[in-house]
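# Structural description and commentary
In case you want the letters, here they are:
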Amino acid sequence: LHKKEENFMHWRNTHQRYGLTSIALHRVMAILVIGLFALGKYMITLDYYHSLYLALPEWHRGLGVLTALLLAARLLWRWSNPLPDLSGRSWEKPLARLVHRLFYVLLLAIVVSGYLISTADGHALQVFGWFDIPALISGANLEDRAGAVHYFLTWLLAFMLALHVAGALKHQFIDKDAIFTRMLGFAPGQRN
Ligand code: HEM
Ligand code: HEM
């Protein structure tokens, strides 16, 4: 490929590597999701008289809705782009793909359960005061049940993230292939 042509094509994925759009979406969402996990765990330890008792859950809900919007954009982008081939041993590829797909499914379920926790009492979900998302479903114990689901799924996500990062680091330091840099490198696919 000529240098010039390469630069034009960087926004989209190819079968060999992720384009800049996928890389940017992955980075922003990784920061958001890890941040939301930490924020979620921290905010529920605050007692009623803490000055951030109301503010932190409000940010958590707002950032959670932002994550949902990014997730939608990311799925549309993924379905309209080639998916880069994976490298690794035969059992590693399906495992990696499974974890990637599960991330998308899990994030969707986490966002839906988060929405249900927040709206079970019939109040709309306010997104940073920019706009409201109306409450649709309410019911006895819905808040608690959605909370239990949110709790379980966010831990499952954390466990999968550990596996995901371990896999990425293995590619970088043991296999020494391009998998890590093609998603996280500043110059995508450096080692290709
Ligand atoms: C629309 C999106 C989201 C909304 C509306 C939302 C809402 C909430 C609410 C209301 C709570 C408090 C539950 C309680 O008081 O027991 C909570 C807890 C939590 N959320 Fe979210 N959330 C969303 C997305 C996410 C995402 C994407 C993550 C990422 C991992 C996340 C991680 C957590 C964690 C770790 C907790 C603490 C759970 C616990 O230990 O009980 N949330 N969320
Ligand atoms: C700092 C931690 C992270 C590292 C080091 C990392 C690393 C990577 C790498 C190297 C890839 C490329 C795999 C390939 O070449 O096919 C990748 C893909 C992916 N990562 Fe991460 N990641 C991190 C955090 C996250 C988080 C927090 C999420 C979501 C919860 C996530 C979701 C995904 C998904 C869904 C893909 C597959 C993209 C696709 O092909 O659709 N990653 N990650």
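What this report covers is the structure whose coordinates are included nearby. (Residues numbered from 1 in each chain as written. Chains lettered and ligands numbered in written order. Predicted model: local features only at pLDDT ≥ 70, side-chain atom pairs only at ≥ 80, totals over all residues. Heavy atoms only, no water.)

### Here we look at the environment of G147
- Secondary-structure assignment places G147 in helix α5 (residues 142-175).
- Of the residues examined, G147 reaches a relative accessible area of 24% and is grouped as partly exposed.
- The sequence separation of G147 and I117 amounts to 30 residues, and the corresponding C-alpha distance is 5.8 Å. (Helix = DSSP H or I, 4+ residues; strand = E, 2+ residues; numbered from the N terminus. Buried < 20%, exposed > 50% of the residue type's maximum accessible area, 1.4 Å probe, protein only.)

### Considerations on the coordination of the iron atom of ligand 2
- Distances from the iron atom of ligand 2 to its protein donors, namely H26 (NE2) and H164 (NE2), fall within the range 2.0 Å.
- Taken together, the six donor atoms coordinating the iron atom of ligand 2 span angles of 84 to 180° at the metal, a pattern that classifies the geometry as octahedral. Remark: H164 occurs in helix α5 and H26 occurs in helix α2 (residues 20-43); sequence separation between them is 138 residues.
- A relative accessible area of 15% means that H26 is categorised as buried.
- Using a relative accessible area of 23% as the deciding quantity, one classes H164 as partly exposed. (Donors = N, O, S within 2.8 Å, 3.2 Å for Na, K, Ca; no water. Tetrahedral: all angles 85-135°; square planar, octahedral: opposite > 155°, others 65-115°.)

### Some words on the coordination of the iron atom of ligand 1
- The protein atoms donating to the iron atom of ligand 1 are H60 (NE2) and H150 (NE2), with metal-donor distances spanning 2.0 to 2.1 Å.
- Here the iron atom of ligand 1 is ringed by six donor atoms whose angles at the metal span 87 to 179°, and the overall shape comes out octahedral. With H60 in helix α3 (residues 55-79) and H150 in helix α5, this pair connects stretches of sequence that are 90 residues apart. Exposure class is identical for H60 and H150. Each is buried.

### Considering the site of ligand 1
- Neighbouring residues of ligand 1: 22 residues in total, closest K41, I44, H60, G114 and H150.
- Residue K41 places a side-chain N or O atom 2.5 Å away from an oxygen atom belonging to ligand 1.
- Contact between ligand 1 and H150: a nitrogen atom at 2.8 Å from a side-chain N or O atom of the residue.
- Going through the elements one at a time, α2, α3, α4 (92-119) and α5 are the ones with two or more residues in the shell around ligand 1.
- Grouping the amino acids of the shell around ligand 1 by side-chain chemistry returns 13 nonpolar, seven polar and two charged. (Near = heavy atom within 4 Å. Polar contact = N/O pair within 3.5 Å; in protein donor to acceptor, adjacent residues only side chain to side chain. Nonpolar A, V, L, I, M, F, W, Y, C, P; charged D, E, K, R; others polar.)

### Points about the pattern of salt bridges
- In total, this model carries three salt bridges according to the counting rule given.
- Between R89 and E92 there is a salt bridge; the shortest N-O distance is 3.7 Å.
- Residue class for R89 comes out partly exposed when judged on its relative accessible area of 48%.
- Between K170 and D175 there is a salt bridge, and its shortest N-O distance comes to 2.8 Å.
- The network of salt bridges with shared partners includes R89, E92, K170 and D175. (Salt bridge = Lys/Arg side-chain N within 4 Å of Asp/Glu carboxyl O.)

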